[in-house]
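Listed below, chain by chain, are the residues.
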Amino acid sequence: MSLYKDILARFPRGAISYVFAYGSGVKQQVGYSDVNKQKDNIIDLVFCVRDPLGWHAENINRHESHYSSMRLLGPKCIMKYQENFGAGVYFNTLVPLSDLGVQIKYGVISKEQMLQDLLEWKHLYMAGRLHKPVEDIVPPDDDKELKEALATNLRNAFQVALLLLPEKFTSFHLFHTISNLSYKGDFRMIFGENKNKVANIVQAQENEFFELYAPIMKDLAKFVAVDFGAKEKGSERVVTQFEQDKSLKAVEYHLRQAPAELRRRLIRNAVFKGSYIDIIGPLAALKNLHEIVQISVNDIVWRSSITQTLKNIPSAGVMKTLVYASRKAMKTFVK
């Protein structure tokens, strides 16, 4: 944690609501060396700020070299570019901190954009990253609105996963399904990411997933039962087994909680007419509901992954984009 504090000390602290670190350089994944011993991985960070214009103005003054030539257009232009394109986040990538012996990539997002993604799944970009364990560097302890939105995002992920899962499933399948919400529709998973990325995350971080989702499991106990001492079918290996209520009443309950953007996609992909509340009953009764839910989630992720990737090219600059893309491409061939 001391490394993160040393990194944080270099950046403007005013108007910060939340800062977290994520990715393979922060959280252990299968196939990577211990995160505390890694030398080549990039540390990914996100700064959620209440005043992106003021934050960028001060940060450019401190760290002009972090920015591409877009800095010449001024902080107001950068703020508008951040807010109005892609998933509402502006990234500076491949930033060397030589004295600390690390490279970082950091995104800046306004609190308003963060709240919208967490609550509505407008882009499922920040919301998707926060479905998985992250390292809180500046926790949102003093921001009740943001804390509640983070909790709602986790609950939504859990309930959407239930709609995708069968009556019985293991903890691995649960957390794999949750993690896959923001990966399956991402075009970078076709070329640019390790095909086993989701499994590698879940296998290495299962205990952290349990800790993250424990409050939701408790809250939804009447819909999901858990057996921590179940035996894996065909072997004597002990697994954590879940069994959920798949009745129409339970499915309708989960559908009622769906975020706004997902609701819009469900109406379109189910080809129903009327308001979302009116079509919940017929939607819940569909035999291929899980397919429609998955397609609808993928639609959100596909759009935002493309637009944000294109947005990152000017903000990173051509050379950094090529280097970063080549590193990502290499991961396609990693098991």
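Quick note: structure is the one above.
Residues numbered from 1 in each chain as written. Predicted model: local features only at pLDDT ≥ 70, side-chain atom pairs only at ≥ 80, totals over all residues. Heavy atoms only, no water.

**Description of the environment of Ala 151**
Along the polypeptide, Ala 151 turns up in helix 6 (residues 144-164). Spatially, the C-alpha atoms of Ala 151 and His 131 are 9.9 Å apart, while their sequence positions differ by 20 residues. (Helix = DSSP H or I, 4+ residues; strand = E, 2+ residues; numbered from the N terminus.)

**As for the nonpolar core**
Met 114, Phe 158, Leu 174, Tyr 213 and Leu 255 are the most contacted members of the largest nonpolar core, which has 68 residues in total. Top contributing element to this core by residue count: helix 6, with eleven residues. Ignoring sequence-local partners within four residues, the contact set of Met 114 consists of Phe 20, Val 46, Cys 48, Ile 109, Met 126, Leu 130 and Leu 146. Phe 11, Val 49, Val 95 and Val 108 belong to the second largest nonpolar core, which has 27 residues in total. (Core = buried A, V, L, I, M, F, W, Y, C linked by side-chain atoms within 4.5 Å. Buried < 20%, exposed > 50% of the residue type's maximum accessible area, 1.4 Å probe, protein only. Contact = heavy atoms within 4.5 Å.)

**Some thoughts on the pattern of salt bridges**
One pass over the full model with this rule turns up 13 salt bridges. With a shortest N-O distance of 3.0 Å, Lys 111 and Asp 143 are connected by a salt bridge. One end of the pair, Lys 111, is in helix 4 (residues 111-120); the other, Asp 143, is in the loop between strand 5 (135-138) and helix 6, with 32 residues separating them in the sequence. Across the pair Arg 237 and Glu 232 runs a salt bridge whose closest N-O atoms are separated by 2.9 Å. The network of salt bridges with common partners includes Lys 27, Glu 135 and Glu 208. (Salt bridge = Lys/Arg side-chain N within 4 Å of Asp/Glu carboxyl O.)

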